[in-house]
Amino acid sequence: MSLTTHLEDGFFMAIGIIIILQVIVIVSSAISTRFRRRRRAVSLGRLHLPEILVKENRVQIYTYGMTLYEAMLEDIQAAKQSICIESFIWKGDRIGSAFKQAVCKKAREGVDVYVIFDSFANMVVPAEFKRFPHNVHLLQYKAWRRLWDVFDPRRLARDHRKLLVIDQQIGYVGGYNIGDLYGAKWRDTHVRIKGEAAKNLYSSFVDFWNTHASTDQHIEKETASLFPYIRLYANDATRLMFPIRSMYIEAIDLAKDRILLTTPYFIPDRYVLNSLIRAATRGVDVRLMVPLQSNHLLADWLAHTYFTECLRKGVRIFLYQGAMIHAKTATIDGTWSTVGTANLDRLSLLGNFELNIEFLNPEVAEQMDIVFVSDLQHCKELHLEEWVQRSILHKLGELVLSPLWPFL
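Note that the structure is predicted; figures quoted are calculated from it, not measured. (Residues numbered from 1 in each chain as written. Predicted model: local features only at pLDDT ≥ 70, side-chain atom pairs only at ≥ 80, totals over all residues. Heavy atoms only, no water.)

## Considerations on the overall build of the protein
(1) Moving on: From N to C terminus, the protein includes twelve helices and 20 strands.
(2) Moving on: Here the protein, with 408 residues, has 55% of them falling under the buried criterion.
(3) Moving on: As displayed, the protein offers around 19,200 Å² of accessible surface, 58% of which is attributable to carbon and sulfur atoms. (Helix = DSSP H or I, 4+ residues; strand = E, 2+ residues; numbered from the N terminus. Buried < 20%, exposed > 50% of the residue type's maximum accessible area, 1.4 Å probe, protein only. Areas by Shrake-Rupley, 256 points an atom, 1.4 Å probe, with all protein chains shown as cover.)

## Brief notes about the UniProt feature "domain: PLD phosphodiesterase" (unreviewed entry) in the protein
(1) Moving on: Here, UniProt's "domain: PLD phosphodiesterase" (unreviewed entry) annotation points to residues 155-182 and 321-348.
(2) Moving on: Each end of residues 321-348 is marked by a C-alpha atom, and these two atoms are 24 Å apart; helix forms 11% of the span and strand 46%. (UniProt positions renumbered as here; feature names shortened; annotations may be inferred.)

## Details of the sheet that holds strand S9 (residues 190-194)
(1) Moving on: Overall, mixed pairing links the eight strands, which are arranged S1-S2-S9-S7-S6-S3-S4-S5 in an open sheet. Every interior strand has two partners, whereas the edge strands, strand S1 (52-54) and strand S5 (136-141), have only one. Sheet twist, expressed as the mean angle between neighbouring strand axes with direction ignored, is 15°.
(2) Moving on: Note: strand S3 (residues 82-87) against strand S6 (residues 162-166), five bridges, orientation antiparallel. Bridged to Ile-83 within S6 is Ile-166. (Pairing = 2+ DSSP bridges. Axes fitted to C-alpha atoms, helices over the stretch in contact; angles between N-to-C directions.)

## A look at a nonpolar patch on the surface
(1) Moving on: Taken together, the side chains of Phe-120, Met-123 and Val-124 present a nonpolar region at the surface, about 380 Å² in accessible area.
(2) Moving on: By secondary structure assignment, the location of Phe-120 is in the loop between strand S4 (112-118) and S5.
(3) Moving on: The class for Phe-120 is exposed, based on a relative accessible area of 55%. (Patch = residues over 30% accessible without salt bridge, like charges linked within 9 Å, V, L, I, M, F, W, Y side chains within 5 Å. Salt bridge = Lys/Arg side-chain N within 4 Å of Asp/Glu carboxyl O.)

## Concerning the nonpolar core
Looking at soluble globular proteins, one finds that nonpolar side chains tend to be buried together.
(1) Moving on: Among the nonpolar cores identified, the biggest contains 80 residues, and Tyr-69, Ile-83, Phe-99, Ile-259, Phe-266, Phe-307 and Ile-317 are the most heavily contacted of them.
(2) Moving on: Residues Ile-52, Ile-61, Phe-359 and Met-368 belong to the second largest nonpolar core, which totals 37 residues. (Core = buried A, V, L, I, M, F, W, Y, C linked by side-chain atoms within 4.5 Å.)

## A look at the pattern of salt bridges
(1) Moving on: The tally for this structure, following the rule as stated, stands at 19 salt bridges.
(2) Moving on: The salt bridge involving Arg-258 is made with Asp-257; its shortest N-O contact spans 3.1 Å.
(3) Moving on: Residue classification places Arg-258 among the partly exposed positions, given a relative accessible area of 25%.
(4) Moving on: Bridged by salt links that share partners, the residues Glu-51, Arg-58, Asp-75 and Arg-192 form one connected network.

## Some thoughts on the side chain of Ser-204
(1) Moving on: Its place among the elements puts Ser-204 in helix H5 (residues 198-212).
(2) Moving on: Taking relative accessible area as the criterion, Ser-204 reaches 7% and is therefore assigned buried.
(3) Moving on: When near neighbours in sequence (up to four residues on either side) are disregarded, Ser-204 contacts Arg-161, Leu-232, Ala-234 and Leu-355. (Contact = heavy atoms within 4.5 Å.)

## Some words on the packing of aromatic side chains
(1) Moving on: Counted by the stated rule, this structure contains 13 aromatic pairs.
(2) Moving on: Here the aromatic rings of Phe-208 and Phe-353 are separated by 5.0 Å at their centres, their planes lie at 90°, and the arrangement is edge-to-face. Here the residue Phe-208 occupies a position in helix H5, and Phe-353 occupies one in the loop between helix H9 (346-350) and strand S19 (354-360), the gap between them amounting to 145 residues. Take Phe-208 and Phe-353: they sit in the same class, and that class is buried.
(3) Moving on: Members of the aromatic cluster, joined through ring pairs, are Tyr-69, Phe-99 and Tyr-176.
(4) Moving on: Positioned above the aromatic ring of Phe-129 is the side chain of Lys-100, whose terminal nitrogen or guanidinium carbon lies 4.9 Å from the ring centre. (Phe/Tyr/Trp six-rings, centres within 6.5 Å; stacked < 30°, edge-to-face > 60°. Lys NZ or Arg CZ within 6 Å of the ring centre and 35° of its normal.)

## A look at the confidence of the model for the protein
(1) Moving on: On average, residues of the protein score 87 in pLDDT, and 83% of them are at 70 or above.
(2) Moving on: Scored below 50 in pLDDT, residues 29-39 shows eleven contacts in the model against residues more than four places distant or in partner chains. (pLDDT = per-residue confidence, 0-100.)

## Quick look at the sheet that holds strand S11 (residues 258-262)
Sheet strands associate in pairs through backbone hydrogen bonding, adopting either a parallel or an antiparallel arrangement.
(1) Moving on: What the eight strands build is an open sheet, ordered S10-S19-S17-S16-S11-S13-S14-S20; its pairing is mixed. Only two strands of the sheet have a single neighbouring strand rather than two, namely strand S10 (230-235) and strand S20 (379-382). Along the sheet, successive strands turn relative to each other by an average axial angle of 20°, direction set aside.
(2) Moving on: Note that strand S17 (residues 336-340) and S19 share five bridges and pair antiparallel.

Set out below in structure tokens:
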């Protein structure tokens, strides 16, 4: 047997061992995640923030899901012309049923109702619940429609957006999916905009609908407006355009004083990570908030591979305890902030359909700072000294799973 054959056999054996180890860690993670969900205590801060006027647009920030759902249902019930609702996950539980009943009722009253949800993300939702009456326009987004779509990077994206637009005048966007769990037990952030800026959210909904729905179902689109203080960024996997990532990098690179970031899954690409590290090394107070334990333990393991470098370079890390924090927000220097659907991971920044609102307004930034400080009450700061002392098994698990970063 030749040396080349021996090398090939050794290579494939090493690959096989790595895959087996990855499967073991992933299965163990799945079991551990189910166990952790049973034990998790809930500790949610419920802030009641005043409405803000931004260039004749009224902006309201929500940090508790049940309060948000009440406002959304109230606006749905008051709709006169159109309801456009898009949700990555729409559970068939009490809250999900309340939303379904509300939009179906408005459709019977003659309001134009358009519904979008991601098919893959809602696979476990009962099929009966996902059926709507014929007077509701429905789009179940499917990334893969043909077998060969798996080879098209544009077809790997999920519709991760969470959007509601009423009468083109009221728009909601943020991290909340629709369901009992998210409303009562998860910490997330959503924003409501009432005014002309909501038309840009409507325009984004129409763009997505017209791209993925059949031609006979297309919606007539009105021209959106450009607002200097409220800007919409939409990742479009169909065109391989991901402006949310560029928005983050540009804002981080311009930071002079402080950067407050909250994300449920921290798996950044090297450019985003380098921007954060550069900011910390030039003296910016960079604070990153992530869950102590998220709903995806595999994502936690991969996030941990970045912690050592971040901590060594001065990025402060805060671990949210007692509940799953799912907010995707940032505020910088008391002037810039963003709320949206994009996580700081590769799928959100370079893959999925996502939607973020950027605010250039000190009052919005001040409220976002208040939210971050409030969340700190439920956090413990992770220090480098304790982090480097974590177990050998923990470090080994991170090493084994690190090749999976392109898929999360």
